[in-house]
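An overview of the molecular structure
The lines below spell out each chain.
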Amino acid sequence: EVLLVTMRTPGDDFNMVAGFLFCEGIIQKFKDILSMKYIGNAEKAQQENVMLVELASHVSFNFEEKKRHFLSTSACGFCGRLNDILSEGIVFIPGSNDIKVHASMLYALPSLLKSSQGLFSETGGAHAVALINAKGELLHVSEDAGRHNAMDKLVGTMLKRDALPLKNQMIVFSGRLSYELIQKSLMAGISFICSIGAPTSLALELAEDYGITVIGFLKKESLNIYCGAERIIHE
């Protein structure tokens, strides 16, 4: 049985799968996964496109219901049944995080993100998501042709390190900020999100509902504050 089919940039697949399962409320910690392995000819890397995941016995979810949901929504950018996940309490609510940052530090993030995008430098066709601390220091960056996959890779990496929730840290996205990226950030406990591009109206509605700061059109000399302005210090 296949749960989900997605198009991704090969590499860091195990973290991507773990991050996806976490962001969809299927698992709550990395140890909920007993094993992950590719199915196919291990001698041919191009065949490593199907992964088998074995979950711990205590992890339960309706496979057929999830499968139908993913097949019907995976291409539209409205990923995940957030209301169901929230009702089950499987989420890190970030609204109370007390992170505050100086606006001058935010202006340095576009160049920091660009300098860390190795895959983009080589191909010109990859999105990136960077985890930044309150001092403006780069903690981790993930890349993928799909921005949602890049976020799953980052969340999976932090889940494996037992570093969730990502309290008092920021996320910087290289492109447009969609609803599903806010959802994944919410699941990971992020309260401060920056994007080089524009946020969608649906993304902003979700961010406002959960006290998430959103910065869009971030450049070296300008930015737009859409919500959560109380976390930004103007000098």
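Keep in mind the model is a prediction, meaning the values are calculated, not measured.

Some thoughts on the overall build of the chain
Per the secondary structure count, the chain includes nine helices and ten strands. Across the 235 residues that make up the chain, the buried fraction comes to 49%. For the chain, the share of sequence-separated contacts (at least 6 apart) that also reach a separation of at least 24 residues comes to 56%. When the accessible surface of the chain is totalled, it reaches about 11,500 Å², and 53% of it is carbon and sulfur.

Observations concerning helix H9 (residues 201-209)
Listing the buried residues of H9 in full gives Ala 203, Leu 204, Leu 206 and Ala 207. In an axial view of H9, the angular spread of the buried residues amounts to 165 degrees, which keeps them on one side of the axis. Seen from the open side of H9, the exposed residues pointing more than 90 degrees away from its buried face are Ser 201, Glu 208 and Asp 209. Two residues or fewer after H9 comes Gly 211, characterised by a positive phi angle close to 65 degrees.

Some thoughts on the packing of helix H8 (residues 179-188) against H9
Look at H8 against H9: their axes get within 7 Å of each other, and the N-to-C directions meet at 25 degrees. When the interaxial angle is binned, H8 and H9 end up roughly parallel. Across the interface between the two elements, Tyr 179, Ile 182 and Gln 183 of H8 pack against Leu 202, Ala 203, Leu 206 and Ala 207 of H9. Here the residues of the contact of H8 with H9 sort into six nonpolar, one polar and no charged.

What counts and what doesn't
- Residues numbered from 1 in each chain as written.
- Predicted model: local features only at pLDDT ≥ 70, side-chain atom pairs only at ≥ 80, totals over all residues.
- Heavy atoms only, no water.
- Helix = DSSP H or I, 4+ residues; strand = E, 2+ residues; numbered from the N terminus.
- Buried < 20%, exposed > 50% of the residue type's maximum accessible area, 1.4 Å probe, protein only.
- Contact = heavy atoms within 4.5 Å.
- Areas by Shrake-Rupley, 256 points an atom, 1.4 Å probe, with all protein chains shown as cover.
- Arc of directions from axis to C-beta.
- Axes fitted to C-alpha atoms, helices over the stretch in contact; angles between N-to-C directions.
- Parallel < 35°, antiparallel > 145°, perpendicular 65-115°, else oblique.
- Nonpolar A, V, L, I, M, F, W, Y, C, P; charged D, E, K, R; others polar.

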